[in-house]
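Architecture at a glance
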Amino acid sequence: MVAGAGTSFLFIMLFSGGENLEGERQRGTLASLFIAPSSRLSWLLGFQLSAAYEAIFVAIVTVSLGVAIFGTPVSINPISLVVTILLMVVCLWGLGMVLSAIGTAVRAANQLSNMLFSILTPLSGSLFPISEAPAWLRIPARCLPFGYGIDALVGAITKDASVVALKGDLLRLLGFAIGLPVLGAVSFRLLDRYARQQGHLDML
């Protein structure tokens, strides 16, 4: 149940940035958006925040239906849950910027997100615990933030785990939450310059 909510959270956050930018391109407004006086990071954050609200709503509905229909036992620690969600939103915002930048440069943001989602899903911990995965799969999975986020969500929602109890996962998530937005900002700055030079901001 929690993994299902985490999967929807992951998909919506990764897919939304590229989808929004592709929509702007199809409407012919992407170039205007890039030359607007507002910071690119601000409207990219706006795109991701709207996706975060949707993802959180879907996760709440998923967990609520699990409890109401299947009697799934939950024991929620509100503080741990909020901290985990905030760190995951920041991580996925940063990663979404990287994917949006690449998608803008190659004019295939949606296709890129869809392709990567199928690759990232078995590495996210949403299908099975990372600790139970084969050794060769655990290595790349532990280089990504998703497994730590899913593990922290499971603890916060089903085990009433405190922030201290989840500190191993949360500290790693914090590291990703610091590094990924920086990587996203740098990637977007470099690749949006390339996209403008190649004329990739236009629909044709």
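Since the structure is predicted, the reported quantities are computational estimates derived from the model, not experimental observations. (Residues numbered from 1 in each chain as written. Predicted model: local features only at pLDDT ≥ 70, side-chain atom pairs only at ≥ 80, totals over all residues. Heavy atoms only, no water.)

**A word on the overall build of the protein chain**
The helix and strand tally for the protein chain stands at eight helices and zero strands. Listed N to C, the secondary structure of the protein chain is α-α-α-α-α-α-α-α in terms of helices and strands. For the protein chain, buried positions account for 47% of its 204 residues. Pairs at least 24 residues apart make up 79% of the contacts formed inside the protein chain by residues separated by at least 6 positions. When the accessible area of the protein chain is evaluated, it comes to approximately 10100 Å², of which 70% is carbon and sulfur surface. (Helix = DSSP H or I, 4+ residues; strand = E, 2+ residues; numbered from the N terminus. Buried < 20%, exposed > 50% of the residue type's maximum accessible area, 1.4 Å probe, protein only. Contact = heavy atoms within 4.5 Å. Areas by Shrake-Rupley, 256 points an atom, 1.4 Å probe, with all protein chains shown as cover.)

**Points about the pattern of salt bridges**
Counted according to the given criterion, the structure contains one salt bridge. One salt bridge connects Arg-142 with Asp-151, and the closest N-O pair in it is separated by 3.8 Å. Taking relative accessible area as the criterion, Arg-142 reaches 29% and is therefore assigned partly exposed. The class of Asp-151 is partly exposed, set by a relative accessible area of 26%. (Salt bridge = Lys/Arg side-chain N within 4 Å of Asp/Glu carboxyl O.)

**Describing the nonpolar core**
One finds Phe-9, Met-13, Leu-14, Leu-92 and Leu-173 to be the most contacted residues of the largest nonpolar core, which totals 31 residues. Among the secondary structure elements, those contributing two or more residues to this core are helix 1 (2–27), helix 3 (40–70), helix 4 (78–106), helix 5 (109–120), helix 7 (146–158) and helix 8 (167–198). Phe-9 has contacts with Ala-55, Ile-56, Ile-85, Met-88, Val-89 and Leu-92, leaving out every residue within four places of it along the chain. (Core = buried A, V, L, I, M, F, W, Y, C linked by side-chain atoms within 4.5 Å.)

**Some points on unusual backbone geometry**
A positive phi is found at Asp-160, a non-glycine position, where the angle reads about 50°. Mapped onto the secondary structure, Asp-160 falls in the loop between helix 7 and helix 8. Judged by relative accessible area, Asp-160 falls into the partly exposed class, the value being 40%.

**Considerations on helix 7**
Think of an α-helix as 3.6 residues a turn; residues three or four steps apart then line up on the same face. Counted at 1.5 Å a residue, the expected span for helix 7 with its 13 residues is 18 Å, and the 18 Å between its end C-alpha atoms agrees. Most of helix 7 sits inside the fold, with 10 of its 13 residues counted as buried. Within helix 7, burial applies to Phe-146, Gly-147, Tyr-148, Gly-149, Ile-150, Ala-152, Leu-153, Gly-155, Ala-156 and Ile-157. At the exit of helix 7 stands Asp-160, carrying a positive phi of roughly 50°. (Expected span 1.5 Å × (residues − 1).)

**Examining the confidence of the model for the protein chain**
Of the residues in the protein chain, 78% reach a pLDDT of 70 or more, and the chain-wide mean stands at 79. Within the protein chain, the lowest mean pLDDT, 67, falls on helix 2 (residues 30–35), and the highest, 89, falls on helix 7. (pLDDT = per-residue confidence, 0-100.)

**Some words on a nonpolar patch on the surface**
Residues Phe-57, Val-61, Leu-65, Ile-69 and Phe-70 make up a contiguous nonpolar surface patch of roughly 550 Å² in combined accessible area. Here Val-61 shows up in helix 3. (Patch = residues over 30% accessible without salt bridge, like charges linked within 9 Å, V, L, I, M, F, W, Y side chains within 5 Å.)

**Observations regarding the side chain of Thr-84**
Assignment of secondary structure puts Thr-84 in helix 4. For Thr-84, a relative accessible area of 0% puts it in the buried group. Polar contacts involving the side chain of Thr-84 include one to the main-chain carbonyl oxygen of Ser-80, which spans 2.8 Å. Excluding anything up to four places from it in sequence, Thr-84 contacts Gly-149, Ala-152, Leu-153, Leu-170 and Leu-173. (Polar contact = N/O pair within 3.5 Å; in protein donor to acceptor, adjacent residues only side chain to side chain.)

**Looking at the side chain of Ser-124**
Considering the arrangement of structural elements, one finds Ser-124 in the loop between helix 5 and helix 6 (135–141). We classify Ser-124 as buried; its relative accessible area is 1%.

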